[in-house]
Amino acid sequence: MTTMTDRYVTAVLSRLPKPRRADLERELRASIADAVDGRVSAGEAAGDAEYAVLRDLGDPARLAEAYADRPQFLIGPAHFLDYKRVLTSLGAIVLPVVAVAVALAQVFGDAQPGEIIGTTLGATITTAVHLCFWATLGFAAIERGALRHPLPGREWTPDALGQDPPGRRVRLGDLIGLTVVAAFCIAVLLISPYLSPVRDAGGRPIGLFDPWLWDTGAVYAFVALVLIGLGTRYLRYYLPWNLPRALAILVADLAGAVALFAAGASHHVINSAFGPAAGWDQAALDWGHRGLMITGVIVVITSVADAFADYRGRELVPAGSLRLNGLGRDRGRRSNGLGGNGN
Amino acid sequence: MPEDELIAGHLQELRRGTVVLACLLILRRPNYGYALLESLEHSGFAVDANTLYPLLRRLEKQGLLTSDWNTEEARPRKFYRTSAEGEAMAEALTSDWDSLDAAFRALKGKAS
């Protein structure tokens with residue numbers, strides 16, 4: 001018949017390596033017995049004393065961990081930051097690549113749009129879970145290995161701060177280019193039914209794009225989305241970052257991407273009459289639609305990446321704004337977003 | 001965080017190192033687990049049993065204590081005693097403690 005003490009001691013010892021058990025058992029039993037004697041001589045009943053002593057010693061698992069000098073955490077403060085960095089940078093690189101690759105494979109394999117989305121999502125989630133697991137396992141091993149052979153710390157030096165983010169003038173160039181391209185594309189889109197090199201039997205031009213787009217007004221919706229997308233880029237350029245605006249911009253971008261994807265999936269973009277009249281194979285038309293779906297996927301990824309880059313690059317301390325005198329003036333200037341100091 | 005938790009947390013931080021020095025000083029005369037616990041308590045260093053016992057083993061592993069099984073009595077007990085390195089460590093810790101004490105007095109003196 002095992003007493004409470006026997007069960008407690010067994011619980012502690014079972015978690016410790018064999019060589020240490022005998023010595024520890026003798027010491028632990030002696031300590032418990034001494035403590036019980038102490039309480040009994042103070043007037044407590046033997047059973048109550050044993051209970052109280054074991055309760056004060058606490059969870060046998062914790063006691064065993066303390067005896068073994070093992071870390072009672074998975075990844076400690078020394079390595080946690082590195083672990084976070086590795087996980088986020090791996091995720092930022094690997095997950096988009098996986099998503100695009102799987103989406104491409106599905107699109108080339110002629111899958112249904114729903115299937116494409118489902119498989120891509122599934123593959124991305126599986127990859128993410130694997131990344132988390134193996135990264136965590138690796139760092140947990142490093143943590144325990146480092147206990148025996150402490151790694152020399154990597155000293156942080158101010159060199160790691162890196163260069164200034166690219167100046168705003170560069171991005172203005174991008175913005176103007178984007179506006180020109182967008183205007184050109186919209187013009188082409190709207191004029192295409194009238195100015196087409198391909199003529200039908202009656203001599204009227206056959207537009208590249210499906211008349212369905214005009215019948216349903218989808219073309220105007222698409223033009224609106226392009227203009228909204230352009231607008232968001234201007235917003236991003238001129239206004240300081242804030243969370244509601246950033247989320248709204250992200251939603252607008254994603255809406256554009258979804259529209260592209262849906263347009264491709266609907267096979268209603270390229271005029272089916274155009275292909276035969278221009279001497280194109282049906283396959284070419286299908287590829288055109290697939291291209292739209294692929295572009296949709298890529299836009300999703302770039303939208304998220306842009307949103308994240310904006311978040312990271314948001315100006316917390318605008319350059320040169322905190323001057324000792326004129327603090328009030330600078331604060332006012334900062335609030336309208338056009339920080340002259342920054343340029 | 002309620003007041004007591006805050007105080008308890010800081011007190012724990014303050015006392016964390018003192019138990020080691022107290023053990024090294026008290027164990028100049030050999031003693032064993034439970035009696036040491038009582039001795040520390042009487043000297044004003046209240047420690048939990050589940051903190052002290054692993055601590056004694058850790059100090060022994062670090063060479064600051066030596067141990068011996070005493071089989072004279074009916075109940076064999078493991079006696080710990082401060083080693084030579086432990087004595088040196090105790091001196092180093094004590095002098096550091098003294099300088100801290102002087103520094104605190106100076107600080108309090110300046111403040112009041």
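The coordinates are above.
Worth saying up front: this structure is predicted, and the values here are computed from it rather than measured.

When you look at the overall build of chain A in this model, what are you seeing that I'm missing?
If you tally the helices and strands in chain A, you get 13 helices and 0 strands. Counting all 343 residues of chain A, 29% fall into the buried class. A sequence separation of at least 24 residues applies to 65% of the contacts in chain A between residues at least 6 apart. When the accessible area of chain A is evaluated, it comes to approximately 21400 Å², of which 66% is carbon and sulfur surface.

Would you take a moment to explain the sheet that holds strand β2 (residues 65-70) of chain B for this structure?
In a beta sheet, neighbouring strands are held together by backbone hydrogen bonds and run either parallel or antiparallel to one another. Residues and elements named next belong to chain B. A sheet is described by the order of its strands in space; here 3 strands give the open sequence β1-β3-β2, paired in antiparallel fashion. Looking along the sheet, the strands with just one partner apiece sit at the ends: β1 (31-32) and β2. In this structure, β1 lies alongside strand β3 (residues 77-82), joined through 2 bridges in antiparallel fashion. Within β3, the residue paired with N31 across the bridge is Y80. Along the sheet face, helix α4 (residues 49-61) touches β2 and β3 and points at about 55° away from the line of β3.

Honestly, the environment of Y234 of chain A in this entry has me stumped. Any pointers?
Residues and elements named next belong to chain A. Residue position: Y234 is located in helix α9 (residues 218-238). Y234 sits in the partly exposed class, given a relative accessible area of 30%. Taking the C-alpha atoms as reference points, Y234 and L175, separated by 59 residues in sequence, lie 7.3 Å from one another. Those residues in contact with Y234 that lie beyond four places of it in its chain are L175 and T179. Reaching out from Y234, the side chain makes a polar contact with the side chain of T179 at a distance of 2.8 Å.

Can you walk me through the pattern of salt bridges in this structure?
Pairing is possible between side chains that carry opposite charge, provided their charged atoms lie close to one another. For the structure on display, the rule yields 19 salt bridges over all chains. Across the salt bridge formed by D23 of chain A and K78 of chain B, the nearest N and O atoms sit 2.7 Å from each other. Residue D23 of chain A is located in helix α2 (residues 18-41), and its partner K78 of chain B is located in strand β3; the two belong to separate chains. With a closest N to O distance of 3.7 Å, E60 of chain B and K78 of chain B form a salt bridge. Residue E60 of chain B is located in helix α4, and its partner K78 of chain B is located in strand β3; the two are separated by 18 residues in the primary sequence. Salt bridges linked by common partners bring D23 and E27 of chain A together with R57, E60 and K78 of chain B together as one network.

What's the story with the environment of L254 of chain A in this structure? I'm lost.
Take L254 of chain A: it is sitting in helix α10 (residues 243-266). With residues near it in sequence (within four places) discarded, L254 of chain A still touches V300 and S303 of chain A.

Honestly, the nonpolar core in this entry has me stumped. Any pointers?
The nonpolar side chains of a soluble globular protein tend to be buried with one another. Judged by nonpolar contacts, the single largest core of 41 residues is most densely connected at L28, I32 and L57 of chain A together with C23, L52, Y53 and L56 of chain B. Every element with two or more residues in this core is listed here: α1 (4-13), α2, α3 (46-57) and α4 (60-68) of chain A together with α2 (18-26), α3 (33-42) and α4 of chain B. It is α4 of chain B that provides the largest number of residues to this core, a total of 6 residues. Ignoring anything within four residues of it in the chain, the contact list for L52 of chain B reads C23, G33, L36, L37, L40 and V47 of chain B. Of all hydrophobic cores here, the second largest spans 9 residues; its members include F261, A265, I294 and V297 of chain A.

Quick question: what am I supposed to make of the pairing of β3 of chain B here?
Looking along a regular strand, one sees side chains alternate from face to face of the sheet. Residue and element names in this part refer to chain B. Here β2 runs beside β3; their pairing, made up of 6 bridges, is antiparallel. Bridging from a neighbouring strand, D68 pairs with F79 of β3. Hairpin geometry of β2 and β3 is characterised by an intervening segment of 6 residues between the two adjacent antiparallel strands.

What should I look at first to understand the interface of chain A and chain B in this one?
Facing the 19 residues of chain A at the interface are 16 residues of chain B. Here chain A meets chain B over a buried area of about 1600 Å², counting both sides, of which 51% is carbon and sulfur. Area buried by chain A at its contact with chain B is led by R26, E27 and D34 of chain A, which between them contribute 32% of it. Applying the counting criterion to the chain A and chain B interface returns 6 salt bridges. As a salt-bridge pair, R75 of chain B and D37 of chain A come within 2.9 Å of each other at their nearest N and O atoms.

Explanation requested: the packing of aromatic side chains in the structure shown.
Geometry of an aromatic ring pair is reported as the spacing of the ring centres plus the angle between the planes. Scanning the entire structure with this criterion turns up 4 aromatic pairs over all chains. Ring geometry for F80 of chain A against Y83 of chain A: centres 6.0 Å apart, planes inclined by 45°, an arrangement best described as tilted. Here F80 of chain A and its partner Y83 of chain A are both found in helix α5 (residues 77-108), 3 residues apart, which amounts to about one turn of the helix. Given the relative accessible area of 12%, Y83 of chain A is considered buried. Clustering of aromatic rings is evident, with ring pairs tying together F80, Y83 and F139 of chain A. The ring of W69 of chain B has R26 of chain A lying over it, and the distance from NZ or CZ to the ring centre is 4.3 Å.

I keep staring at the packing of α10 of chain A against helix α12 (residues 282-313) of chain A and nothing clicks. Help me out?
Helix packing geometry: the angle between the two helix axes and the distance between the axes. Residues and elements named next belong to chain A. In the contact formed by α10 and α12, the axes pass within 7 Å of each other and the chain directions differ by 170°. Classified by the angle their axes make, α10 and α12 are roughly antiparallel. Where α10 crosses over α12, the two elements pack in a sense that is left-handed. Counted together, L250, D253, L254, A257, L260, F261, A263, G264 and A265 of α10 and H289, L292, M293, T295, G296, V297, V299, V300, S303, V304 and A307 of α12 form the full contact between these two elements. Residue composition of the contact of α10 with α12, grouped by class: 14 nonpolar, 5 polar and 1 charged.

I keep staring at a nonpolar patch on the surface and nothing clicks. Help me out?
Together, L190, I191, Y194, L195 and Y220 of chain A make up a nonpolar patch on the protein surface, roughly 560 Å² of accessible area in all. Here Y220 of chain A lies in helix α9.

Calculation criteria
- Residues numbered from 1 in each chain as written.
- Chains lettered and ligands numbered in written order.
- Predicted model: local features only at pLDDT ≥ 70, side-chain atom pairs only at ≥ 80, totals over all residues.
- Heavy atoms only, no water.
- Helix = DSSP H or I, 4+ residues; strand = E, 2+ residues; numbered from the N terminus.
- Buried < 20%, exposed > 50% of the residue type's maximum accessible area, 1.4 Å probe, protein only.
- Contact = heavy atoms within 4.5 Å.
- Areas by Shrake-Rupley, 256 points an atom, 1.4 Å probe, with all protein chains shown as cover.
- Pairing = 2+ DSSP bridges.
- Axes fitted to C-alpha atoms, helices over the stretch in contact; angles between N-to-C directions.
- Polar contact = N/O pair within 3.5 Å; in protein donor to acceptor, adjacent residues only side chain to side chain.
- Salt bridge = Lys/Arg side-chain N within 4 Å of Asp/Glu carboxyl O.
- Core = buried A, V, L, I, M, F, W, Y, C linked by side-chain atoms within 4.5 Å.
- Buried area = accessible area lost by both parts, 1.4 Å probe.
- Phe/Tyr/Trp six-rings, centres within 6.5 Å; stacked < 30°, edge-to-face > 60°.
- Lys NZ or Arg CZ within 6 Å of the ring centre and 35° of its normal.
- Parallel < 35°, antiparallel > 145°, perpendicular 65-115°, else oblique.
- Left-handed = near helix turned anticlockwise from the far one by under 90°.
- Nonpolar A, V, L, I, M, F, W, Y, C, P; charged D, E, K, R; others polar.
- Patch = residues over 30% accessible without salt bridge, like charges linked within 9 Å, V, L, I, M, F, W, Y side chains within 5 Å.

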